[in-house]
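This is what each chain is made of:
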Amino acid sequence: MRYYLFRTRRLTRRQLGTMQDWKMRVVFWIGALLVGLVTVSFAWVAEYCADLFFQMQRQSSLWPILITPLGMLLVTAIMRRTGPESQGSGIPQVLVVLKQRYHWLRPTFLSLRVIVTKFGLTCLGLLCGASIGREGPSVQIGAAIMYSAGKIGRLQQKYVDTSLIVAGGAAGVSAAFNAPLAGIVFAIEELAGSFEQRTSGTLILAILLSGVVVLSIAGHYSYFGHPEGALDLTHDWLAVGVAALVCGLLGGAFSRMLIAGSRFLSPYARNHPYRVVLLCALVVVFLGLLTGGATYGSGYEQARHLLSGESQGDWFYPLAKMGATLVSYFTGMPGGLFSPSLAAGAGIGNVIGGLFPGVSVVGLTLVAMAAFLAAVIQRPITSFVIVMELTGNRHDILLPLMAGAFLAAAVSKIVWLKPLYDSLADRLQEGEGMALDRARVVSTEGGDDKR
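- Naming follows an unreviewed UniProt entry, where the protein chain appears as Chloride channel protein of Alloalcanivorax gelatiniphagus.
- Reading the Subcellular location (unreviewed entry) entry of the UniProt record for the protein chain gives the comment "Membrane".

Laid out in structure tokens, this is it:
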């Protein structure tokens, strides 16, 4: 009898978990809720800033000639003084700190200061018309929030640190797109490095909790609504194949130019940062004037208009959008590549759709959005899941989305072999950029992360 009671108590403790297990769960849950709150606030402020810029641009197309260069110079000045480690997308920084050999970078790349500067400077970039998105920064913000929650909660296990960072980054994607499935897939395909992390129920629950926060605040919505346009892969395979081929080549070329351009400008930017920023800003303004303002901002509005049929695309728009996104990234300002890539893909698909009579232009536009994003980041599952969730879980176009994304990702490897974010993470590891230099100083002054 005594043995039975002892064994029952031991089983109950095993089932319920230890105090440390519950402490870890609470930290995950609280961190996920905070990620959801901050990310939805980030989305609101970012959209408000973008709308404010377009209101000024509609009043006079000449306003960006003044606003864009001054705004980009201001972002660069603030970033160099307060938070250069927040430059760029944010996903490469998260990939670097997930590697154990670079654990000493975590206090710098995932600090509370990064959360504030990434949030504020991305919004300021959208306020001056830069061609950037907020999804990449949301990943770094989410990872930083979860990591900070782990530090405050005094969690000791090193594997928990890694799990917190993965969960935070994935929760950032989930909350940014209002797409929980995309967050889970992003954790599996881009961030997670082990089977245990990929199948962690706690990690998935954290992602879902952040999505619940967004759902409760912003409601259930699809960013691009429910565009009408189905494709039959057996009949429309040629159109899907052409769209995937073109998107794969252009997406691979975009990645190659981004890496090559960053390396080429890096030495000059170190010595003359404001000259580089001013030149890039003038290119953004020039492309904006040529396209009637279509290349400014994240590109969500332009993609929505193309999907709704309110506007017709041409070949110049996606090429100009790619160019504006490249030079915006060359400035080093915080900002992501997801939404500009979706917009460029929408422009490509809209043009190709007009070349195939009888094929749904809207359907092919959706395929090209997934295909171009997959070609840029070489993560096909994440790409087609994002497009599917942004358009209301359109299962009738699932197979063409999958085919286009996988084919484009394969084609892009011909032009640029390595995934873009891995290449950008390699640049950080090689010591390029002022963010890593600053991180070394912070680590030397404050000591490595010993937790």
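**So, the overall build of the protein chain**
Phase 1 of the analysis: When helices and strands are counted, the protein chain shows 21 helices and zero strands.
Phase 2 of the analysis: When burial is assessed residue by residue, the protein chain has 59% of its 451 residues classed as buried.
Phase 3 of the analysis: Summarising the internal contacts of the protein chain: among those between residues at least 6 apart in sequence, 82% fall at separations of at least 24.
Phase 4 of the analysis: As presented, the protein chain carries roughly 18,400 Å² of accessible surface, and 65% of it is formed by carbon and sulfur atoms.

**Some remarks on the environment of Gly136**
Phase 1 of the analysis: Along the polypeptide, Gly136 turns up in helix α7 (residues 135-152).
Phase 2 of the analysis: Each C-alpha atom of the pair Gly136 and Phe338 lies 7.0 Å from the other, and the pair is 202 residues apart in sequence.
Phase 3 of the analysis: Setting aside chain neighbours within four positions, we find Gly136 in contact with Ser89, Gly90, Ile91 and Gly336.

**Focus: the packing of aromatic side chains**
Phase 1 of the analysis: This model, assessed by the stated rule, comprises seven aromatic pairs.
Phase 2 of the analysis: Where Phe42 meets Phe119, the ring centres are 5.0 Å apart and the plane angle is 40°; that geometry is what we call tilted. Of this pair, Phe42 sits in helix α2 (residues 19-59) while Phe119 sits in helix α6 (residues 112-127), and the two are 77 residues apart along the sequence.
Phase 3 of the analysis: A relative accessible area of 1% places Phe42 in the buried class.
Phase 4 of the analysis: Arranged with centres 5.6 Å apart and planes meeting at 75°, the rings of Phe53 and Phe54 form a pair that is edge-to-face.
Phase 5 of the analysis: Of the aromatic side chains, those joined through ring pairs into one cluster are Phe53, Phe54 and Tyr296.

**Topic: the layout of surface pockets**
Phase 1 of the analysis: Roughly 380 Å³ of internal volume is contained in the second largest pocket.
Phase 2 of the analysis: Forming the walls of the second largest pocket are 18 residues, and the residues nearest its centre are Thr291, Gly293, Ala294, Gln302 and His305.
Phase 3 of the analysis: Sorting the residues of the lining of the second largest pocket by element identifies α2, α14 (300-308) and α15 (316-330) as the ones contributing at least two each.
Phase 4 of the analysis: Partitioned by chemical class, the residues of the lining of the second largest pocket number five nonpolar, nine polar and four charged.

**Notes on the pattern of salt bridges**
Phase 1 of the analysis: Within this structure, the stated rule accounts for five salt bridges.
Phase 2 of the analysis: Across the pair Arg134 and Glu47 runs a salt bridge whose closest N-O atoms are separated by 3.6 Å. Pair noted here: Arg134 is in the loop between α6 and α7 and Glu47 is in helix α2, with a separation of 87 residues, a long-range link.
Phase 3 of the analysis: On the accessibility criterion, Glu47 (28% relative accessible area) is partly exposed.

**Looking at unusual backbone geometry**
Phase 1 of the analysis: At Gln378, a residue that is not glycine, the phi angle is positive and equals roughly 55°.
Phase 2 of the analysis: Mapped onto the elements, Gln378 comes out in the loop between α17 (361-377) and α18 (380-390).

**Here's the deal with empty space enclosed by the protein**
Phase 1 of the analysis: For the structure on display, the rule yields two cavities of 30 Å³ or more.
Phase 2 of the analysis: Each pocket or cavity is described by its volume, and for the second largest cavity that value is around 30 Å³.
Phase 3 of the analysis: Around the second largest cavity, the lining residues are Phe254, Lys321, Met322, Thr325, Pro340, Ser341, Ala344 and Phe372.
Phase 4 of the analysis: Mapped onto the lining of the second largest cavity, the elements with two or more residues apiece are α15 and α16 (338-353).
Phase 5 of the analysis: The residue makeup of the lining of the second largest cavity, split by class, is five nonpolar, two polar and one charged.

Cut-off values and rules
- Residues numbered from 1 in each chain as written.
- Predicted model: local features only at pLDDT ≥ 70, side-chain atom pairs only at ≥ 80, totals over all residues.
- Heavy atoms only, no water.
- UniProt positions renumbered as here; feature names shortened; annotations may be inferred.
- Helix = DSSP H or I, 4+ residues; strand = E, 2+ residues; numbered from the N terminus.
- Buried < 20%, exposed > 50% of the residue type's maximum accessible area, 1.4 Å probe, protein only.
- Contact = heavy atoms within 4.5 Å.
- Areas by Shrake-Rupley, 256 points an atom, 1.4 Å probe, with all protein chains shown as cover.
- Phe/Tyr/Trp six-rings, centres within 6.5 Å; stacked < 30°, edge-to-face > 60°.
- 1 Å grid on protein atoms, 1.4 Å probe; cavity = no way out; pocket = protein on both sides within 12 Å on 5 of 7 lines; lining within 4 Å.
- Points joined across faces, edges and corners; volume = space filled by probe spheres on them.
- Nonpolar A, V, L, I, M, F, W, Y, C, P; charged D, E, K, R; others polar.
- Salt bridge = Lys/Arg side-chain N within 4 Å of Asp/Glu carboxyl O.

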